[in-house]
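A closer look at the structure
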Amino acid sequence: MLIEINDIPVVAMDFMNEVHEEDVKIINDLFALVLAYEKEPSEENFNAVTADYQKWITHTVAHFEGEEVKMRELNFPPYPMHKGEHDNALQRMRDVLKHWEEHRDIQALKIYLIEEVPAWLTQHIQTMDTVTAMFFSSGLSPCAAH
Ligand SMILES: [Fe+2]
Ligand SMILES: [Fe+2]
């Protein structure tokens, strides 16, 4: 298992926590498939990794979009900052997939999943998502002290 769900910070909105939990499950499943490919680099295992990775991207697009729609609805002031982190993370995910599909570079994929993804996810949820969920649940901006 790559990420323990208990290591992921809980935010003040249940709909976000549910999506994060699904995300962790997909990433852990993907990591297991990556290890299977590493052990046996067959066509079948390659296809399994690629399909699961695509599923992860689809889920992430919906995950980010769900937060962004609500931020826009409520005119969340730091929206561009939060959206910027989402856009960068998605771009990185797509670049890594492209590299994987073109080169079948299992080491690069493994390093990305081990060294970047858990740290990014934890950091993003601890900062952007936490503050955003607080705003959603209270209607108060963290910046509006008066
Ligand atoms: Fe999130
Ligand atoms: Fe987010």
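As shown above, the structure is provided for reference.
The structure presented is a predicted model; accordingly, all values stated were derived computationally and were not measured. (Residues numbered from 1 in each chain as written. Chains lettered and ligands numbered in written order. Predicted model: local features only at pLDDT ≥ 70, side-chain atom pairs only at ≥ 80, totals over all residues. Heavy atoms only, no water.)

1. Here we look at the overall build of the chain
- Helix and strand counts for the chain stand at four helices and zero strands.
- Listing every helix and strand of the chain by position from the N terminus yields α-α-α-α.
- Projecting the C-alpha coordinates of the chain onto the three principal axes gives extents of approximately 60 × 30 × 20 Å.
- Per-residue burial over the chain gives 42% buried out of 146 residues.
- Of all intrachain contacts in the chain linking residues separated by at least 6 positions in sequence, the fraction that spans at least 24 positions is 77%.
- Here the chain displays about 8,100 Å² of accessible surface, and carbon together with sulfur accounts for 56% of that area.
- Here the chain holds 11 positive side-chain charges and 26 negative ones, and the gap between their average locations is 4 Å. (Helix = DSSP H or I, 4+ residues; strand = E, 2+ residues; numbered from the N terminus. Buried < 20%, exposed > 50% of the residue type's maximum accessible area, 1.4 Å probe, protein only. Contact = heavy atoms within 4.5 Å. Areas by Shrake-Rupley, 256 points an atom, 1.4 Å probe, with all protein chains shown as cover. Lys, Arg positive; Asp, Glu negative; His and termini not counted. Charge placed at Lys NZ, Arg CZ, Asp CG, Glu CD.)

2. Description of the packing of helix H1 (residues 14–39) against helix H4 (residues 106–138)
- Two elements in contact, H1 and H4, have axes whose closest approach is 11 Å; the angle formed by their N-to-C orientations is 175°. When the interaxial angle is binned, H1 and H4 end up roughly antiparallel. Of the residues in H4, those in contact with Phe-15, Met-16, His-20, Asp-23, Val-24, Ile-27, Leu-30, Phe-31, Val-34, Leu-35, Tyr-37 and Glu-38 of H1 are Ile-106, Gln-107, Leu-109, Lys-110, Leu-113, Ile-114, Val-117, Leu-121, Ile-125, Asp-129, Ala-133 and Phe-136.
- Residue classes in the contact of H1 with H4 are distributed as 18 nonpolar, two polar and four charged. (Axes fitted to C-alpha atoms, helices over the stretch in contact; angles between N-to-C directions. Parallel < 35°, antiparallel > 145°, perpendicular 65-115°, else oblique. Nonpolar A, V, L, I, M, F, W, Y, C, P; charged D, E, K, R; others polar.)

3. Re the environment of His-20
- Along the chain, the position of His-20 falls in helix H1.
- When its relative accessible area of 2% is taken as the criterion, His-20 is described as buried.
- Sequence separation between His-20 and Thr-60 is 40 residues, and the spatial gap between their C-alpha atoms is 9.5 Å.
- Beyond its immediate stretch of four places on either side in the chain, His-20 contacts Ile-8, His-63, Glu-67, Ile-125 and Asp-129.
- There is a polar contact of 2.9 Å between the side chain of His-20 and the side chain of Asp-129. (Polar contact = N/O pair within 3.5 Å; in protein donor to acceptor, adjacent residues only side chain to side chain.)

4. Looking at the nonpolar core
- Ranked by size, the top nonpolar core spans 37 residues in total, and within it Tyr-53, Trp-56, Trp-100, Leu-109, Tyr-112 and Leu-113 carry the most contacts.
- Of all the elements in the fold, those that place two or more residues in this core are H1, helix H2 (43–73), helix H3 (79–103) and H4.
- Ranked by residues supplied to this core, first place goes to H4 with 10 residues.
- Setting aside residues up to four positions removed in sequence, Leu-113 forms contacts with Leu-2, Leu-30, Phe-31, Val-34, Trp-56 and Pro-118. (Core = buried A, V, L, I, M, F, W, Y, C linked by side-chain atoms within 4.5 Å.)

5. What to know about the pattern of salt bridges
- Overall, the coordinates contain eight salt bridges when judged by the stated rule.
- Among the ionic contacts, a cluster of salt bridges with common partners joins Glu-68, Lys-83 and Asp-87. (Salt bridge = Lys/Arg side-chain N within 4 Å of Asp/Glu carboxyl O.)

6. Some points on the coordination of the iron ion (ligand 2)
- Bound to the iron ion (ligand 2) on the protein side are Glu-67 (OE), His-82 (NE2), His-86 (NE2), His-124 (NE2) and Asp-129 (OD), at distances that span 2.1 to 2.2 Å.
- All donor residues of the iron ion (ligand 2) come from one chain, and their arrangement in sequence is E-x14-H-x3-H-x37-H-x4-D.
- Separation of the iron ion (ligand 2) from the iron ion (ligand 1) amounts to 3.5 Å, with Glu-67 serving as a shared donor to the pair. A residue pair is termed a helical-turn pair when its members lie 3 or 4 positions apart in one helix, as His-82 and His-86 do in helix H3 at four residues.
- The exposure class assigned to His-82 is buried, which follows from its relative accessible area of 0%.
- On the accessibility criterion, His-86 (0% relative accessible area) is buried. (Donors = N, O, S within 2.8 Å, 3.2 Å for Na, K, Ca; no water.)

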